[in-house]
Amino acid sequence: TPKFLHPLKSDGTPTRLDFAKWLVAPESPTTARTIVNRVWQQYFGTGLVATSGDFGIQGAVPSHPELLDWLSVEFMDSGWSLKKLHRLIVESATYRQSSAISAEHLAQDPENRWMERGARFRVEGEIVRDIALTASGLLNPTVGGQSVHPPAPAYLFLPPASYGTKTWNTDTGPDRYRRALYAFRFRSVPYPMLQAFDTPAGDAPCTRRDVSNSPIQALTTLNETLFMECAAALASQTLAEGGTTDKERIDYSFRRCATRAPKAADSDILLRFVEKQRARVVAGELNPSDIVPEGITTFSEATPAQQQELAVWTLASRVMLNMDETIVRQ
């Protein structure tokens, strides 16, 4: 072990157990700091050490070294309890402050390294998908089991997109809507929806994900098969449970997506959108069967007028599922 660190204790030839004990010894300056830093990164977007994968001489200097040390000691003294570490962070005033930003703070600290405001960043790719499933009521919360094959373009698994022909039997029924954690992925053919939202391919370790903001992400959440199914399911639920007026239905579906009631300006925009799309559908400019995905039972069993309304609210739900506020943590 490096001489500038504490010595490795052994009764003879060192074993792997000796090395494991050395890694988590109270004298170890690295292991607890690394874990604490990665947990902090999950909550604030950036770790106290920005280079969470490099604590060496080429890594970044901690923004708050005393805080990093204190959290590391607390973590070890708690018996390496991650639950207590998470609770300590989320109950802090730093975590619970507003993410609203002033012009002064933006000029002084654009990257929020001094924690003068709450963190604000787009959630991870898997959670983007899970949010849509949850808001629509489609999410299958079953834990464990085999990986599943959600909808994906068939050409991805054929040459030249793939090195060779691969089998992809798209799941139907409840398995289709399991959490993104269970989505099967080939290392050579990443799942396109997750790849668009910066999810690592899985063939190499990744201590910190890049977070991008690109047009392909909006195109994915507006048009990808599963997201359209989520929009239709949310529309069906809104028509069944959201009230009888457009305003009541907007309040219902908006709250399911953004976890808050819409402001007057939000409602006005969405009301105008619903009225415009309803006029287009009634005039025949838009065909309801082209909007609502196949397999939505409430569509096939509905009257023509009901099909039109389901199409209108599918378009409205599509907008609300794609709001910045729906997939941004703030």
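Residues numbered from 1 in each chain as written. Predicted model: local features only at pLDDT ≥ 70, side-chain atom pairs only at ≥ 80, totals over all residues. Heavy atoms only, no water.

Broken down by element type, the protein carries 16 helices and 2 strands. Each principal axis of the C-alpha distribution contributes one length, and for the protein these read about 80 × 55 × 35 Å. Looking at the 330 residues of the protein, the share that counts as buried comes to 41%. Considering only intrachain contacts with a sequence separation of at least 6, the fraction spanning at least 24 residues in the protein is 59%. Surface exposure of the protein reaches about 18800 Å², of which carbon and sulfur atoms provide 56%. (Helix = DSSP H or I, 4+ residues; strand = E, 2+ residues; numbered from the N terminus. Buried < 20%, exposed > 50% of the residue type's maximum accessible area, 1.4 Å probe, protein only. Contact = heavy atoms within 4.5 Å. Areas by Shrake-Rupley, 256 points an atom, 1.4 Å probe, with all protein chains shown as cover.)

Here we take up the environment of Asn-223. Mapped onto the elements of the fold, Asn-223 is located in helix H9 (residues 215-223). By relative accessible area, Asn-223 is classed as partly exposed at 44%. Sequence separation of Asn-223 and Arg-318 is 95 residues, and the distance between their C-alpha atoms is 9.0 Å. Here Arg-318 takes part through its side chain, which lies 3.2 Å from a polar atom of the side chain of Asn-223. (Polar contact = N/O pair within 3.5 Å; in protein donor to acceptor, adjacent residues only side chain to side chain.)

Turning our attention to the packing of aromatic side chains. The final tally for this structure, using the stated rule, is 11 aromatic pairs. Between Phe-44 and Tyr-95, the ring centres sit 6.1 Å apart and the planes meet at 90 degrees, which makes this aromatic pair edge-to-face. Separated by 51 residues along the polypeptide, Phe-44 in helix H2 (residues 31-44) and Tyr-95 in helix H5 (residues 93-96) bring together distant segments of the chain. Seen from their ring centres, Phe-75 and Trp-80 are 5.2 Å apart, and the 70 degrees between their planes marks the pair as edge-to-face. Take Phe-75: its relative accessible area is 3%, and that puts it in the buried class. Note on Trp-80: relative accessible area 27%, which makes it partly exposed. An aromatic cluster is defined as three or more aromatic residues linked by ring pairs; in this entry it consists of Phe-157, Trp-168, Phe-184, Phe-186 and Tyr-191. Seen from the ring of Phe-186, Lys-166 lies directly overhead, with NZ or CZ sitting 5.6 Å from the centre. The ring of Tyr-182 has Arg-178 sitting right over it, with the charged end atom 3.9 Å from the ring centre. (Phe/Tyr/Trp six-rings, centres within 6.5 Å; stacked < 30°, edge-to-face > 60°. Lys NZ or Arg CZ within 6 Å of the ring centre and 35° of its normal.)

Between side chains of opposite charge, pairing is possible as soon as their charged atoms come close. For the structure shown, the criterion picks out 14 salt bridges. Across the salt bridge formed by Arg-176 and Glu-229, the nearest N and O atoms sit 2.8 Å from each other. Here Arg-176 is found in the loop between helix H7 (125-136) and helix H8 (192-196), whereas its partner Glu-229 is found in helix H10 (residues 225-241), with 53 residues between them in sequence. In this structure Glu-229 comes out as buried when scored by relative accessible area, which is 5%. Between Glu-285 and Arg-280 there is a salt bridge, with the nearest N and O atoms lying 3.1 Å from each other. Note on Glu-285: relative accessible area 53%, which makes it exposed. Salt bridges linked by common partners bring Asp-246, Arg-249, Arg-278 and Glu-309 together as one network. (Salt bridge = Lys/Arg side-chain N within 4 Å of Asp/Glu carboxyl O.)

Right, let's talk about helix H11 (residues 246-258) for a bit. For H11, which comprises 13 residues, the first-to-last C-alpha distance of 18 Å matches the rise-based estimate of 18 Å (1.5 Å per residue) to within 8%. All buried positions along H11 are accounted for by Asp-246, Arg-249, Ile-250, Tyr-252, Ser-253, Phe-254, Cys-257 and Ala-258. Phi turns positive one or two residues past the end of H11, at Thr-259, with a value near 60 degrees. (Expected span 1.5 Å × (residues − 1).)

Another aspect to go through is H9. All buried positions along H9 are accounted for by Gln-217, Thr-220 and Thr-221. Burial along H9 is one-sided: seen end-on, the buried residues are contained in an arc of 85 degrees. On its buried side, H9 packs onto strand S1 (121-122), H7, H8 and H10. (Arc of directions from axis to C-beta.)

Turning our attention to the packing of H9 against H10. Two elements in contact, H9 and H10, have axes separated by 5 Å at closest approach and are oriented at 50 degrees. Relative to H10, the element H9 is oriented oblique. Contacts between H9 and H10 involve Thr-220, Thr-221, Leu-222 and Asn-223 on the former and, on the latter, Thr-225, Phe-227 and Met-228. Split by residue class, the contact of H9 with H10 holds 3 nonpolar, 4 polar and no charged. (Axes fitted to C-alpha atoms, helices over the stretch in contact; angles between N-to-C directions. Parallel < 35°, antiparallel > 145°, perpendicular 65-115°, else oblique. Nonpolar A, V, L, I, M, F, W, Y, C, P; charged D, E, K, R; others polar.)

Look at the link from Pro-159 to Pro-160: it is a cis peptide, with omega at 5 degrees. Summarising the element assignment, Pro-160 is placed in the loop between H7 and H8. Backbone geometry places Trp-80, a non-glycine residue, at a positive phi of 60 degrees. Tracing the sequence through the fold places Trp-80 in the loop between helix H3 (65-77) and helix H4 (82-90). Even without being a glycine, Asn-112 presents a positive backbone phi close to 60 degrees. Tracing the chain through its elements places Asn-112 in the loop between helix H6 (103-108) and S1. On the basis of relative accessible area, Asn-112 is assigned to the buried category, the value being 10%.

Function cannot be read off these values alone, since they describe shape.
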